[in-house]
Every structure is written in C-alpha cells, then in structure tokens.
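Structure at a glance
The chain contents come next:
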Amino acid sequence: MTEITAGGASVRREVAFRGGGFIAMPKPAYSWIAFAGIIALWQLAISAGWIDPVFLPSPASIVEALWQLTVSGDLWKHLSISLARIGSGWLIGSGLGLIVGVSMGLTSAGRAIGMPLVSAIYPVPKIALLPLLILWLGIGETPKVVTIASGVFFPTVIATLAGVDSVPRNLIAMAQSFNLPTRSIVWKVLLPSALPGILAGFRISVSTALLLVVAAEMIGAQYGIGAFLLTAGNLMQSDDLMAGVVILSILGLGFGAGLTALERVLLRWR
Amino acid sequence: MDVIIDVKRHSYDDLLVLEDIKIQVREGEIVAVIGPSGCGKSTLLGIAGGILKPSEGKVFLEGNAPPDCLNPLTFIFQDFALLPWRTVEQNVGLPLEHHKLSTSDRQARIADALQRTGLSDFAKALPKQLSGGMRQRVGIARALVVKPAVLLMDEPLSALDAQTRDLLMEDFLDLLLHERMAGIYITHNFQEALRLADRVVVLSRRPGRIKEVLTIPIPQLERTNKAALAPLAELGDRLWSLIRDEASVADREVIHD
Amino acid sequence: MTKGRLVTTSKQTAPFGRAAAALCVAALLCAASSADAETVKIGVAKSTTAAPVYVAVAKGFFAAEGIDPQVVFFEAAQPVAVAVVSGDIDVGVTGFTGGFYALAGQGALKIIGAHSREVPGFHGLGYFVSEKAAAAGLKTVKDIPGHSVAFTTVGSAFHYSLALAAEKYGFDMQTVHLEPLQSNPNAASAVAGGSVDIAMVPSTSGLPVVQRGQAKVLAWVGDETTWQLGATFISAKTADTRGDMVKRFMNAYRKGARLYHDAVTGPDELPKNGPQTAEMIAIIAKAIGQTDAEVSTALAYADPDERVDVKDILHQIAWYRAQGMVKGEFNPEDMIDKRYMIPYPQK
Ligand SMILES: Nc1ncnc2c1ncn2[C@@H]1O[C@H](COP(=O)(O)OP(=O)(O)OP(=O)(O)O)[C@@H](O)[C@H]1O
Ligand SMILES: [Mg+2]
C-alpha cells in the first residue's frame, strides 16, 4: 500500500495491523472452566491433606450439607421465610426510596432537606443499631423487615435521584411545550427516562437485601438462611456455614439474572 | 394568528443575553432568525414559546387559532426531543394524550400527521431504528398533530447531514406554505434562511440585538428559478457581511457557562 | 502491669485471622520486648471471667517463669478457639461454646485447665426478667416454661445453663421460646423493651437495665446451677511440642488464680470483700477497660488450682451431642490433656 521512495527505487511495504484489543468478548466457556477448575483444585487440596478441613470444608462436604438440608425439608423452610423477609423488606425499602428519590429530584426543598439526611444516615451501620431497633420494634418480623428495608432504601434514593437528574432537560421542555400536566410529565417522561438508573440501583439494593438478611435474622430468628448461617457459625459447623453461603450466592446470581431479564424487556428501547 | 415578541431584556444571572427585540410574525409568514453562536437565538425562541420567562418583556398572540388547534405555539427541536421508549406513533400521539378527543379523531390526526411526513410505514418503529432525518420527521409529525398556529423551529435541520437537510427542507417548505401558519425558524445556515424565509432577522453578537431585518421579495416557490439566483446571491452576500464581523468576534469570546 | 502488654484486637471471627493477628504481632515487635523470655499469646474474651490471667500478668508471675505474656482480647469466646487452632494464639482462656466442642472433637484443641465456674454467690450470668413479666407472676426459674428467653446464640453458655435449669426443675425445653439475638446488648435491649420475658446475659449487661428500672434480677445462674463455664486450652500441636512452656505457663497461671481466689473468696467459697479485693478489682478494671464499680459487681469465681471438672465437661458434651450441635464420633476424654491438668475432685 505505502510507497516509499528511497534512493530512487520504489519500495513497497505492507502496513502492519495495529488496532484491535480493548474489547471484552463474551467467553462463557472460560467462566465455567475456571469455576470447575477452582472447585477441583479445592477438593484436591483437601483430599490430599494440604488444607485442614477444620479451616475449609471440602466441596464434597458442602454438597453433602446442601443435600441434607434439601432432603430434610429445612432448606425450603429457611428459604421461604428468608425470601418473604427479603421480598417485603425490598419492596418497602425500594418503594419508599423511589418516592423519596423522585421528590428529591423534583423539588428543591426535597433536595435541600433530603441530601444531608441521606448522607448522614446512609453510612450508619445497621447492625450497630440492632439493640435500639429491638427496643423500638421488639423481636418479631417488623424489625427484620425494617432492617432490610432501611438498607435498601438509601441506595434506591441515590440511584433514583441520579436517574432523575440525568433526564435530558430538553425532554422536559418538550413535554411542557405541549402543555402536558405535571403528573403526566413525571409518569410519561421523567420516570421512564430515569428507569435505567433506577434499575441499576436495583442491582445494588437486591444485593444489599441479601447481605442484610443475615443481620435481620440476628434478631430472634429460628428459621431463615441468615439464622441458619449464624447458628452454623456459632457452632463452628463449617460445612453448613459454607452451604448457607452457597445458597446466598445462588440467590444473588438468580436475582441478578432476573434483573438482567427485566432490563432486557423494559429497556429494549435503548 | 400572529405572534408579537417584545423582549426588553433577558439575562441569565449577570449575563445579559437579549436586548430590545421586537418582532411580529404574521399568519402565513416565515421569519428566519440568524446570528452568531451564543447570541441568544434559542433563548429568544424559548421566550416566544412560553417555556422561558423573559427578565423584562412580553409575548402576545393575536388573532384566532384554527378551530382544531390544540397547542397554538408548537416547537420543533434541534435534537428532535423524541421519547426513545415510545414508537413513532406513540411519540406523535403524546401531545394528544391529555386532551379529550374521540378515538377516531385521535387516530385520524396521528394518521394524517404520519402520512404528511412520510412516516406511515414506520408507525411501529422505535426512534433508535430510524435515521436522523426520519427522526426529525417524527418531530415534525408530532408538531403537526396538534394543528399549531405558530411553529417555532430551533435549527431543526442542523443535526442532519447535508443531503438529508436539503431533502427535508423542501418538505418543510411544502408544509409551511400549505398551512396558514406563522413560523419562526432559527438557523445558522444562510441557504436555509434564503430558501424558507419571507424575512430574515439578523441578531448581533451577545447581547443579541436586532441588527437588521432583510425582506426577501421573491416568493419561495420561485426561488429555484434561474432568474432568482442572482438576487438571492446578492442577499446572501449581504447577510454574510452583516454577520461576519459579529461572528468572528463572538468566536473569540470566552464562554461564560 | 510490670511485664506483659495488653493488646486489643477488633472482632476476630474469620478462621483466616492471620493477617489481623500478624498486624498485632507486628505492633508488638515494635515495642521493646524482653530479650530472652518466650512470647506466649493468650486469647481471652474481654470480661472479668479471665481474672487469673490479668492478675498473673500484672503480678509478673509469667515473667518469673520466663514467659512474655501478650494478652489478646476478642469480642467473643468462639473466635479465640478458632485462633488457637490456627496458631495465632498460643493459649485460650474462654467459656465453652458449641463451636469449641466442634473443634475440640476434631482433635484440634486440648483442655489443660479450668476457666471460671458458675457457683453460688458470684454474679456472673443472670436471668433478668422484664417488668411486665415480673408483674404477671414470673418470679422464679421454675416459672420459665411458656415464656420467651433471649440470649446470644444457640449452643451458648446461656442456652446450656437454661438446659441445666430445665433438668433441675424438670421442665421441658420445648415449652420455652428461645430467642437467639446474637449479642448481649441485643438480648438486654429485648428485655428492657419488654419484647421478651427473660434475658440471660452477663451481669455487666443485665445490671444496667435493672438500674434503669426496666428489668429485675430473676436469679443468678451460679445460684441455680453450678457448672464449669469454660477452659484453658491449647492446640494439639502446642500440647505435643511445647510441653515445657505449657507447664511453666500453668505454674504462673495457677499462682494468679490462687492469689485472685484468696483475695475475693471467703469461707464456704462465697464472695468476700477482703484487704486485697480492691487491688484485684483495680487490676481487672485496668485490663478490660471498665470502671472499678462495674468490675466489682461482676467478679467471677476462679478455682485456686484451675482444676478441670471432667464429669461436668462430659455432661456438657453429651448435651451438645443430644442437640445435634456437636457432630461426629470422638471420645470426649481425648480433648482433655491429662499431662497438664489437675482434675476437680468429684463428690
Ligand atoms: N440556562 C442558562 N443559564 C445560563 N446561561 C445560559 C443558559 N442558557 C443559555 N445561556 C447562555 O446564554 C447565551 C445565549 O444562549 P442561547 O442558547 O440562547 O444562544 P444561541 O444563539 O441559541 O446559541 P447557538 O447558536 O449556539 O445555539 C449563551 O452565552 C449561553 O451560554
Ligand atoms: Mg441555540
């Protein structure tokens, strides 16, 4: 392609390719191979005696513990109770978070009041407040749901506010120029436009809810994945403990996949 | 229906943007507004359309809007301002949703607007599936659906490539000449101004003041004739000389945002 | 404190607490350390029950045996056992837990001495009853069936104490609503707010609630059911490879226990306020960072020779097994290292 004249003679050289790279290609097979490899190595390390099972139970014993949980019917009991707590806590927390986030995004007063409050309260560790929470709300379902809801509330507020702030102003101006009532502007322009940000917030809040189910079930719970984990930890039953962790991870993966599917449907327009 | 703009002054905080702008646009008349970047053209249009409040001044409508007009002052936006999650027909139908209309009237208006902009086959498409030119057609259809009396256009073609722009400009002209609408057309582009406008308002650099108003004495339909070429070229030179000095100074200003 | 230094760690719960432990070791190395003394890290939960350790450190008994004692505080008993297994701590002095027995059952831990005992007159662990339940007639431990009891965790010392009470009074544990709340403050809070009828917590957590008029003392565990609360323990490896150090450690430790016992215990093994009591209280208060007044209400009983109540331990293990909280086959006798311990005389 390139012709360079050197000493009167024309020399032709091919231009070397220097682009490419810097793009993540989907390679699902790699994930599975790496995952299987780690598990195999782990099992090997224990079978060969390199790692003391006192410190780390083997994958086989974790699977055994999971199997025991399943056949005894306890798994379903723990799961159903925890899912009810996670579900109601998440719904309440993200519902309120959406309302507060939108009000803060829409009104200057809401923002002026809300911003410092959110910044001040969000980083408070909920577990440190458990004694107070118990004093206020007792030890029934309420404090458990409130623990999860309060953890979900703040990331939702922040994501919603960011979503509302990112709504293109010209869309609002367009809606106003057609005399759309304020309520319609919120429902038809603002919320759909903020939806990607809100859904991204849901990813965080769903993980938060899973994290907090353990904290929530510190409060007088006999059943639930969190209670199961805590008991296993207290009794140093490391296979049960890891089985509980696996269940939480699977729940996390499941919720993540659910949200991805939801995004695919709701954000098809992007 | 006429629109009368009488802005004494408009400023953003300390930044004076517009001063002493008086323009009257009559029914059926198209006024192009041209001026260097940042001189306040979009601000002026926003004020005219009632979505910006002037620091001092008023805008009036005079006369009667057509009987089926739902939104006398209607915008067409430079960046189209389409809702990306709505299909073409849903976007076009948006301005009708809060009006009490019979289903048949609603559908007829949408169908008519789509048909006049050549979008009938794209009713179910999402904006992301359309080219820039088609998207602006959706913006135009959305404006037509309310049967406006005054069309406010802020550089509606500047986001498009040159060929699309030329094609769409003819369609625009067609629409504007067939309705008895008043039109304000903001542009950077002399060709557009000379092709579409009955009068051209030239603004000075910021703070924008009316520097000159040029009347183009040739009817739009005759402007493609050979005979019109020379006088139009002359008007073009005139416009360019009016704006050149302003533009070169404006270009060197520090932007105050 | 003449010789040893007290080091506070934050909550060490992970079995891989080495990094955290390494941090505090590094901190210790920066401080001047006695040249030839053998460093021994002693893991305790931050409470009055490890009093003999603090006394032996403060009085220089360890130093006299050529040991440089480094007391590492943990937020709970369980992580101490884990840290001893992992080798981050040389000697643990804490209460028993289900987790302790699970680790010991796998042969990882060896009991070499006692820890505090729950005995009459000493106010270690208590039953605290809410004002509401007290008014409604909950007056003694016998009345507990049908009521709710909050405590830290399933398999904790409180859970076991309650099971002993159930044995003693012949009530069924199934009739008690157990509410594990994971921490003493949580349990104290629950009884203060009246959401449970009883909280079983240490006196240090319970008495402030009583002083605020939000609960009453129902009974003390020591008065109701005597039992050995915990142990002094080492890893199996330490037991086999560092026998000399362990013997010297126990000598110094027993000296501390004797001094402490004689200072706070009078005839019939009941608490007394003698000439040396105040000094002991001051040593403990300084070690665990509480006021003298707080410590004086929570003095724990210590056996003067740190003798191990083997029969009691076997009884505990049988209970944990029956609950399914300790699994696997093992001989409980194997977890007691007879080379170092002195058995408690059986009646
Ligand atoms: N909301 C605002 N707040 C503060 N300053 C603004 C605001 N909108 C516009 N301006 C400033 O006012 C001046 C006029 O802006 P305007 O958008 O009306 O100019 P324009 O003539 O439309 O420019 P362009 O040719 O670039 O579209 C510019 O200097 C701009 O930076
Ligand atoms: Mg503009």
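With that out of the way, let us pick up the pattern of salt bridges. Scanning all chains against the criterion turns up 33 salt bridges over all chains. Of the charged contacts, one joins B:E56 and B:R9 as a salt bridge, the two residues approaching to 3.4 Å between their closest N and O atoms. Taken together, the residues B:E56 in strand β4 (residues 56-62) and B:R9 in strand β1 (residues 2-12) connect sequence positions 47 residues apart. In this structure, the salt-bridge partner of C:D337 is C:R339, at a minimum N-O distance of 2.8 Å.

Residue and element names in this part refer to chain B. If you walk across this open sheet you meet the 6 strands as β5-β6-β7-β3-β8-β9, and the pairing is mixed. With partners counted over all chains shown, the strands left at the sheet margins are β5 (73-76) and β9 (210-215), one partner each. Each neighbouring strand pair of the sheet contributes to a mean axis angle of 20°, computed without reference to strand direction. As paired elements, strand β8 (residues 199-203) and β9 share 5 bridges and run antiparallel to each other. Bridge pairing links R199 to T215 in β9. Helix-sheet contacts for helix α4 (residues 132-144) involve β5 and β6 (150-154), and the interaxial angle to β5 is about 175°.

Glancing now at the interface of chain C and chain A. Every contact between the two is made by 30 residues of chain C and, on the other side, 22 residues of chain A. Taken together, both faces of the contact between chain C and chain A bury some 2200 Å²; the carbon and sulfur share is 62%. Our count for the contact surface shared by chain C and chain A stands at 1 salt bridge. Taking the shortest distance from any N to any O, the salt bridge between C:K327 and A:D240 comes out at 3.5 Å. If you list the elements that add at least two residues to the side of chain C that touches chain A, you get α4 (77-86), α5 (98-105), β9 (177-180) and α8 (184-192) of chain C.

The rules behind these values
Residues numbered from 1 in each chain as written. Chains lettered and ligands numbered in written order. Predicted model: local features only at pLDDT ≥ 70, side-chain atom pairs only at ≥ 80, totals over all residues. Heavy atoms only, no water. Salt bridge = Lys/Arg side-chain N within 4 Å of Asp/Glu carboxyl O. Helix = DSSP H or I, 4+ residues; strand = E, 2+ residues; numbered from the N terminus. Pairing = 2+ DSSP bridges. Axes fitted to C-alpha atoms, helices over the stretch in contact; angles between N-to-C directions. Contact = heavy atoms within 4.5 Å. Buried area = accessible area lost by both parts, 1.4 Å probe.

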